[in-house]
Amino acid sequence: MAMAGGREHVELIRNRVVLKEFSVHNVHTTDFPGNYPGYDDTWSQRRFEKNFRIDVLQMEEDTLEFDMIGIDAAIANAFRRILLAEVPTMAVEKAFIYNNTSIVQDEILAHRLGLIPIKADPRLFEYRSTGDEEGTEIDTLHFHLKVKCTKNPKALKDSSDPEELYLNHKVYSKHLKWVPIGNQVDLFGQVEIRPVHDDILIAQLRPGQEIDVVVHCVKGIAKDHAKFSPVATASYRLLPEITLLGPVEGELADTLKQCFSPGVIGVETVNGRKFATVVNSRLDTCSREIFRHDDLKNLVRLGRVRDHYIFSVESTGILPPDVLVSEALKVLITKCRRFLNELDAVQVD
């Protein structure tokens, strides 16, 4: 019994992060070779391939939720950081302002234009060469924005609504028009190149005010500037695990249910008595409300599965989220190959 209890304790340390009232335990990875007698923790590709898997749980047009299981935190975090900052996109790099009589300063206007996501597949383009100011059809996209506000001759005299009084008084991203250069019509004629969203407000005008801008879009990564980030957010969390250490009955069962997010704890009635059960730990938000109840906090163990990561990826719309994940994996593979090549070069020297 003592040996079984000891092994169970070791398994808890190795595989679970445990949340206490005032601390978090087992936060460091400890399953390295030789640390635990009786465990073979030497790295094995066969064992890794057996344990590693990715389960896609939800995929919509711009959002993706999937589980990455059997991986170390360092690799999971590297993958997240690549999604945020190293998957390339096309974004506005230069704004040539020929006329701007709006109240928006030129610098602010250029900044707002730079943050508009452009619906263009970056895999079809090359990086612009250093020092190249003009660009070519393989590395640059041109957009033209020209809007002038005028009075609406059909507006009612007593109207005070700008929507009725003025024409083109709001400048939206839909007013950005792609201007093909070189042979881009032949290269991308079947591809719709435009801002991702048509309703991004850029500026507001009044009669007589005008904006006339030409912008150049280039390929880049968010490590250089945030405007190139392909995701609105990319995050992960460990899979929650809630364990009842003893029976929770009666009014305590209802109290326990209220301590967690809806759907985590269920209350069943058996022979007229209420019993609490864990329904879906995944929905837990780690509030630790349970520790405010002295009669409950010793009956529940809050944990996280160490090697089970729940990823949430929200695309800006430039590329589908599943494509972003695939491209991030390619970047990670390229980094690994570069590192191996560097090691080989050092050994040769």
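Our structure's up above, just so we're on the same page.
Residues numbered from 1 in each chain as written. Predicted model: local features only at pLDDT ≥ 70, side-chain atom pairs only at ≥ 80, totals over all residues. Heavy atoms only, no water.

A. Highlighting the overall build of the protein. When you go through the protein residue by residue, the secondary structure sums to eight helices and 18 strands. Taking 20 Å as the expected radius of gyration for a compact globule of 349 residues, we find that the protein reaches 28 Å, considerably beyond that expectation. Across the 349 residues that make up the protein, the buried fraction comes to 37%. Within the protein, contacts between residues separated by at least 24 positions form 74% of all contacts whose residues are at least 6 apart in sequence. Of the charged side chains in the protein, 43 are positive and 52 negative; the average position of the first set lies 2 Å away from that of the second. (Helix = DSSP H or I, 4+ residues; strand = E, 2+ residues; numbered from the N terminus. Rg over C-alpha atoms; globule rule 2.2 N^0.38 Å. Buried < 20%, exposed > 50% of the residue type's maximum accessible area, 1.4 Å probe, protein only. Contact = heavy atoms within 4.5 Å. Lys, Arg positive; Asp, Glu negative; His and termini not counted. Charge placed at Lys NZ, Arg CZ, Asp CG, Glu CD.)

B. Inspection of the sheet that holds strand S7 (residues 141-148) at higher detail. Taken together, four strands build an open sheet; the order of strands is S5-S14-S7-S11 and the sheet is antiparallel. Looking along the sheet, the strands with just one partner apiece sit at the ends: strand S5 (89-100) and strand S11 (176-179). Sheet twist, expressed as the mean angle between neighbouring strand axes with direction ignored, is 25°. Strand direction decides the pairing type here: S7 and S11, joined by four bridges, are antiparallel. Within S11, the residue paired with leucine 145 across the bridge is leucine 176. Contacting S5, S7, S11 and strand S14 (210-220), helix H4 (residues 106-114) runs over the sheet at an angle of about 150° to S5. (Pairing = 2+ DSSP bridges. Axes fitted to C-alpha atoms, helices over the stretch in contact; angles between N-to-C directions.)

C. Representation of the packing of aromatic side chains. Scanning the model with the defined rule gives nine aromatic pairs in all. Taking 5.5 Å as the distance between ring centres and 80° as the angle between the ring planes, the aromatic pair formed by phenylalanine 79 and phenylalanine 311 counts as edge-to-face. Of this pair, phenylalanine 79 sits in helix H3 (residues 73-85) while phenylalanine 311 is found in strand S18 (residues 300-315), placing the two residues 232 residues apart along the sequence. Here phenylalanine 79 and phenylalanine 311 have matching classes, each one buried. Considering the side-chain rings of tyrosine 236 and phenylalanine 311, the 5.3 Å spacing of their centres and the 50° angle between planes classify their relative orientation as tilted. (Phe/Tyr/Trp six-rings, centres within 6.5 Å; stacked < 30°, edge-to-face > 60°.)

D. Spotlight on unusual backbone geometry. Phi is positive for asparagine 26, which is not a glycine, with a value near 60°. Along the polypeptide, asparagine 26 turns up in the loop between strand S2 (24-25) and helix H2 (45-51). Non-glycine residue asparagine 271 carries a positive phi angle of around 55°. By the element assignment, asparagine 271 lies in the loop between strand S16 (265-270) and strand S17 (273-278). On the basis of relative accessible area, asparagine 271 is assigned to the exposed category, the value being 78%.

E. View of the environment of leucine 19. If you trace the backbone, leucine 19 turns up in strand S1 (residues 16-19). Taking the relative accessible area as the measure of exposure, leucine 19 reaches 6% and is therefore buried. Placed 269 residues apart in sequence, leucine 19 and arginine 288 show a C-alpha to C-alpha distance of 8.1 Å.

F. Representation of the packing of H3 against helix H8 (residues 321-348) within the structure. With their axes 9 Å apart at the nearest point, H3 and H8 run at an angle of 115° to one another. You can see that H3 and H8 cross each other, and the crossing is right-handed. Judged by residue contacts, Ile75, Ala78, Phe79, Ile82 and Leu83 of H3 engage Leu324, Val325, Ala328, Leu329, Val331, Leu332 and Lys335 from H8. Broken down by class, the residue content of the contact of H3 with H8 amounts to eleven nonpolar, no polar and one charged. (Left-handed = near helix turned anticlockwise from the far one by under 90°. Nonpolar A, V, L, I, M, F, W, Y, C, P; charged D, E, K, R; others polar.)

G. Structural view of the environment of phenylalanine 228. Here phenylalanine 228 lies in the loop between S14 and strand S15 (231-244). Separated by 60 residues in the primary sequence, phenylalanine 228 and arginine 288 have C-alpha atoms spaced 37 Å apart. Ignoring anything within four residues of it in the chain, the contact list for phenylalanine 228 reads Val87, Thr89, Ala91, Glu93, Val218, Lys219, Gly220, Ile221 and Ala222.

H. Highlighting the pairing of S18. Extensive coverage of S18 is indicated by the burial of twelve of its 16 residues. With four bridges connecting them, S1 and S18 associate as antiparallel partners. Within S18, the position partnered with valine 17 by the bridge is arginine 304. Where strand S4 (residues 63-69) meets S18, seven bridges bridge the pair, whose relative direction is antiparallel.

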